[in-house]
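Close look at the chain arrangement
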Amino acid sequence: MKNKAETYTVKGVSVSPGIAIGPAYIIGQHGVPVPEYALKEDEIEKELKRLQNAISKTQRQLTQLKQKAEGMATGSEDIILLLDAYKGMLAGSRLIRGTEEMIRNDRVNAEFALQRQIAAIKASFAEMDDPYLAARADDVGEVGSRLIRHLLQQHYNPFADVEPGSIVIADEVTPADAALMNPHDIPGFATVLGGAESHAAVMARALGMASVAGMPDLMHNIQNGDTVILDGREGLLIARPDSATLQNYKQELARKVREDRKLMGLADKPSITTDGTVITLQANLELPRDLDMALEVGAAGVGLLRTEFMFMNRPSLPDEDEQYEALKKIVQQLDGKPLTVRTLDVGGEKLATAFGESLGESVNPALGLRAIRIGLREPKLLETQLAAIVRAAAHGPVRILIPMVSSVGQIRQVREHLMQVERRLHRRGVKMPSHLPPLGAMIEIPSAALSADALARVCDFFAIGSNDLTQYTLAIDRGDDRVAELYDPYHPAVLRLIQFTAAAGWRANIPVSLCGEIAGDRRATALLLGLGLRELSMGALRLPAVKQEIRNMGMQKASRFAERIMSCSEDADIHDLIRKGIEEYEEPAKVVRRKS
Ligand code: PEP
Ligand code: MG
């Protein structure tokens with residue numbers, strides 16, 4: 001640990017832009033309430049297995065933390081030794097043996113047994129009055145509470161007691177964690193692990209929280225309550241800043257608030273280029289609570305509803321009625337504006353606790369049982385969701401979007417399920433829309449993009465998922481900060497796939513939108529329009545700036561800009577052109593004035 005008063009500055013991976021200032025709240029250093037309950041004889045084996053699962057998860061997390069520390073230039077030796085010691089405690093130690101015995105003999109739940117063991121070990125070390133052993137007692141506490149957190153996964157909100165205005169500091173933040181954070185109370189979070197394009201990152205951006213990841217020695221240099229500045233744009237964290245730095249950042253924060261307020265003035269203005277091309281700007285929703293902001297910024301609808309929120313932080317799966325009610329509420333709030341509902345996209349780094357351990361683990365999760373692959377493997381799950389969506393479509397315009405499509409056959413299969421659902425709903429006599437909702441594919445796997453012509457014959461629309469398209473085209477794990485620098489949605493190969501998909505949609509006369517994170521990057525707007533896109537869907541907070549770009553740009557200029565970029569074979573040249581923007585491209589000869 002650095003000197004308690006010394007400023008600590010660290011550079012990580014920029015995850016979500018924006019500045020946040022507040023006291024540090026370190027996850028894991030606060031007491032966790034642990035339930036106690038008795039087990040029946042036949043529940044003991046299951047409980048021991050649950051403990052084993054928590055041990056495996058903790059082991060994996062410690063390995064990742066160690067790899068992270070090994071990547072540090074200096075000062076990592078102590079951290080590595082400590083992490084090794086923690087790992088050692090997970091295999092046959094007094095802590096684990098004692099806990100297992102207590103589960104067997106006293107028939108109590110694992111977290112309670114663990115808590116008892118930690119207390120007993122700490123008490124016996126304390127009796128010996130030795131500073132070395134006192135430090136080991138802290139280590140036992142640290143490992144034990146990591147295990148307890150994994151065991152409590154479904155029942156415990158680690159952010160419930162965060163003092164409003166605090167910056168959360170954690171080893172890692174999962175999408176389910178991010179869903180539990182209230183952005184009004186938590187302006188930002190910083191983590192040891194995690195990449196810029198993970199789903200937790202997407203959520204942080206949607207919620208307007210500043211976030212920085214990939215800082216190996218973070219936990220060892222900050223204390224609870226330290227003043228922290230998070231600079232999400234630069235990927236910087238400054239703890240215990242000097243007063244001049246703090247003042248500068250406070251001014252920058254105030255300037256940003258003023259700028260955002262000004263952009264909000266565009267909410268009622270049309271999204272139209274200087275030469276009269278209308279561009280549809282919609283919002284992505286991670287959580288229903290994002291809808292208010294989407295309507296406030298004047299989104300034309302919801303271009304991507306990620307339905308994972310219905311499956312997170314709960315022990316069981318939602319039934320058809322529960323899903324229908326949640327969707328109906330959104331449709332009604334949209335009041336005639338369209339809603340695109342994506343079917344469940346879990347697996348990979350997006351885990352839903354409702355599935356428990358039933359999905360098993362893939363060696364290579366991003367390439368494993370994920371999204372529609374699960375839906376087609378578990379038709380009841382897919383059909384329940386389709387039924388809820390079809391019923392919600394009776395209340396307003398709804399489209400169904402299928403994630404991770406890799407072949408034409410998958411869309412055909414989904415359509416069969418959809419028709420089966422329609423017949424069943426008819427028999428039940430429930431309220432139905434006059435037509436089945438349009439069925440579309442996410443284009444986010446290279447095979448889908450390269451088959452876009454064939455897919456366009458069986459799909460009613462496309463939504464390009466540039467986040468996964470980048471991950472799978474470049475073979476870069478979007479959630480791994482160690483390869484974050486190689487993750488590049490502006491890579492010529494990714495852009496070609498986007499262009500090819502847009503053209504295929506245009507030839508087949510079906511709508512194509514783009515709903516990955518670059519849709520909300522104002523520097524990409526001219527390029528995306530120039531590549532042929534007329535619909536973009538993004539985190540609501542990004543929409544005003546993108547609209548401003550559109551209102552200041554002519555389509556001919558945008559096309560020339562895109563042509564120039566598509567002639568580059570090196571990513572560095574593309575980045576250079578994007579940085580310069582479209583200013584140097586010629587104005588069109590004739591300008592049609594828009595009305596407002
Ligand atoms: C994408 O992959 O671009 C996308 C929009 O989906 P998600 O980020 O939810 O995987
Ligand atoms: Mg995706």
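Every value quoted in this text rests on a predicted model; they were computed, and no experiment measured them. (Residues numbered from 1 in each chain as written. Chains lettered and ligands numbered in written order. Predicted model: local features only at pLDDT ≥ 70, side-chain atom pairs only at ≥ 80, totals over all residues. Heavy atoms only, no water.)

Comments concerning the packing of aromatic side chains
Taken as a whole and judged by the stated rule, the model has zero aromatic pairs. Between the NZ or CZ atom of Arg391 and the centre of the ring of Tyr324, over which it lies, the distance is 4.0 Å. When the ring centre of Phe461 is taken as origin, the NZ or CZ atom of Arg399, which lies over that ring, is 3.7 Å away. (Phe/Tyr/Trp six-rings, centres within 6.5 Å; stacked < 30°, edge-to-face > 60°. Lys NZ or Arg CZ within 6 Å of the ring centre and 35° of its normal.)

Brief notes about the coordination of the magnesium ion (ligand 2)
Coordination sphere of the magnesium ion (ligand 2), protein contribution only: Glu444 (OE) and Asp468 (OD), at 2.0 to 2.1 Å. Remark: Asp468 occurs in helix H16 (residues 466-474) and Glu444 occurs in the loop between strand S13 (439-443) and helix H14 (446-450); sequence separation between them is 24 residues. (Donors = N, O, S within 2.8 Å, 3.2 Å for Na, K, Ca; no water. Helix = DSSP H or I, 4+ residues; strand = E, 2+ residues; numbered from the N terminus.)

Description of the site of ligand 1
Around ligand 1 lies a shell of 16 residues, among which Arg306, Gly465, Asn467, Asp468 and Arg478 are the nearest. Between ligand 1 and Arg306 there is a distance of 2.6 Å, counted from an oxygen atom to a side-chain nitrogen or oxygen. Backbone polar atom of Asn467 to an oxygen atom of ligand 1: 2.7 Å apart, as the coordinates give it. Secondary structure elements with two or more residues in the shell around ligand 1: strand S10 (302-306) and H16. The element contributing the most residues to the shell around ligand 1 is H16, with three residues. Residue composition of the shell around ligand 1, by class: three nonpolar, five polar and eight charged. (Near = heavy atom within 4 Å. Polar contact = N/O pair within 3.5 Å; in protein donor to acceptor, adjacent residues only side chain to side chain. Nonpolar A, V, L, I, M, F, W, Y, C, P; charged D, E, K, R; others polar.)

A few points about the pattern of salt bridges
With the rule as written, the count across this model stands at 31 salt bridges. Of the charged contacts, one joins Asp468 and Arg478 as a salt bridge, the two residues approaching to 2.9 Å between their closest N and O atoms. In this pair, Asp468 sits in helix H16 while Arg478 sits in the loop between H16 and helix H17 (492-508), placing the two residues ten residues apart along the sequence. We classify Asp468 as buried; its relative accessible area is 2%. When the shortest N-O distance is used, the salt bridge between Lys557 and Glu583 registers 3.7 Å. On the criterion of sequence distance, the pair formed by Lys557 in helix H20 (residues 555-566) and Glu583 in the segment after helix H21 (571-580) is long-range, its members being 26 residues apart. What makes Lys557 buried here is its relative accessible area of 7%. Here Glu583 falls in the exposed class, since its relative accessible area comes to 63%. Taken together, the shared-partner salt bridges connect Glu308, Arg342, Asp345, Arg370, Asp468 and Arg478 into one network. (Salt bridge = Lys/Arg side-chain N within 4 Å of Asp/Glu carboxyl O. Buried < 20%, exposed > 50% of the residue type's maximum accessible area, 1.4 Å probe, protein only.)

Some thoughts on the nonpolar core
Within the largest apolar cluster, 118 residues are counted, with the highest numbers of intra-cluster contacts made by Ile498 and Leu536. Each of domain 1 (8-27 + 164-245) and domain 3 (276-584) gives at least three residues to this core. Sequence-distant contacts of Leu536, defined by excluding residues within four places in its chain, comprise Thr280, Leu281, Gln282, Leu514, Ala519, Leu528, Leu529 and Val546. Among the nonpolar cores identified, the runner-up in size contains 55 residues, and Leu39, Ile44, Leu90 and Leu218 belong to it. (Core = buried A, V, L, I, M, F, W, Y, C linked by side-chain atoms within 4.5 Å. Domains from an automatic or database assignment. Contact = heavy atoms within 4.5 Å.)

Description of empty space enclosed by the protein
One pass over the full model with this rule turns up four cavities of 30 Å³ or more. Considered as a void within the structure, the second largest cavity measures approximately 80 Å³ in volume. Taken together, Val202, Arg205, Ala206, Asn284, Glu286, Arg306, Glu517, Gly520, Met538, Gly539 and Arg542 make up the lining of the second largest cavity. Secondary-structure elements contributing two or more residues to the lining of the second largest cavity are helix H7 (199-207) and strand S16 (535-539). Looking at which element gives the most residues to the lining of the second largest cavity, the answer is H7, with three residues. Shared between two domains, the lining of the second largest cavity holds at least three residues of each, these being domain 1 (8-27 + 164-245) and domain 3 (276-584). (1 Å grid on protein atoms, 1.4 Å probe; cavity = no way out; pocket = protein on both sides within 12 Å on 5 of 7 lines; lining within 4 Å. Points joined across faces, edges and corners; volume = space filled by probe spheres on them.)

Section: the domain arrangement of the chain
You can read the domains of the chain as domain 1 (8-27 + 164-245), domain 2 (41-151) and domain 3 (276-584). Averaged C-alpha coordinates put domain 1 and domain 2 at centres separated by 26 Å. On the side of domain 2, nine residues touch domain 1, which itself brings eight residues to the contact. Summed over the three residues of domain 1 that lose the most area to domain 2, namely Asp171, Leu193 and Pro216, the buried surface amounts to 52% of that side. Across the contact surface, domain 1 and domain 2 share one salt bridge. Close ionic contact of Arg146 with Asp171 constitutes a salt bridge, the shortest N to O distance being 2.8 Å. Counting across the domain 1 and domain 2 interface gives two residue pairs in polar contact (both at pLDDT 80 or more). For the side of domain 1 that touches domain 2, the class distribution of residues is three nonpolar, two polar and three charged. (Buried area = accessible area lost by both parts, 1.4 Å probe.)

What to know about the sheet that holds strand S7 (residues 227-231)
If you walk across this open sheet you meet the eight strands as S1-S8-S7-S3-S4-S5-S6-S2, and the pairing is mixed. Looking along the sheet, the strands with just one partner apiece sit at the ends: strand S1 (8-11) and strand S2 (13-16). Averaged over all pairs of adjacent strands, the angle between their axes in this sheet comes to 25°, without regard to strand direction. As paired strands, strand S3 (residues 19-26) and strand S4 (residues 167-170) are joined by three bridges and run parallel to one another. In the strand pairing of S4, Ile26 is matched with Ile169. Each of S2, strand S5 (188-191) and strand S6 (210-213) touches H7; the most contacted strand, S2, lies at about 55° to it. (Pairing = 2+ DSSP bridges. Axes fitted to C-alpha atoms, helices over the stretch in contact; angles between N-to-C directions.)

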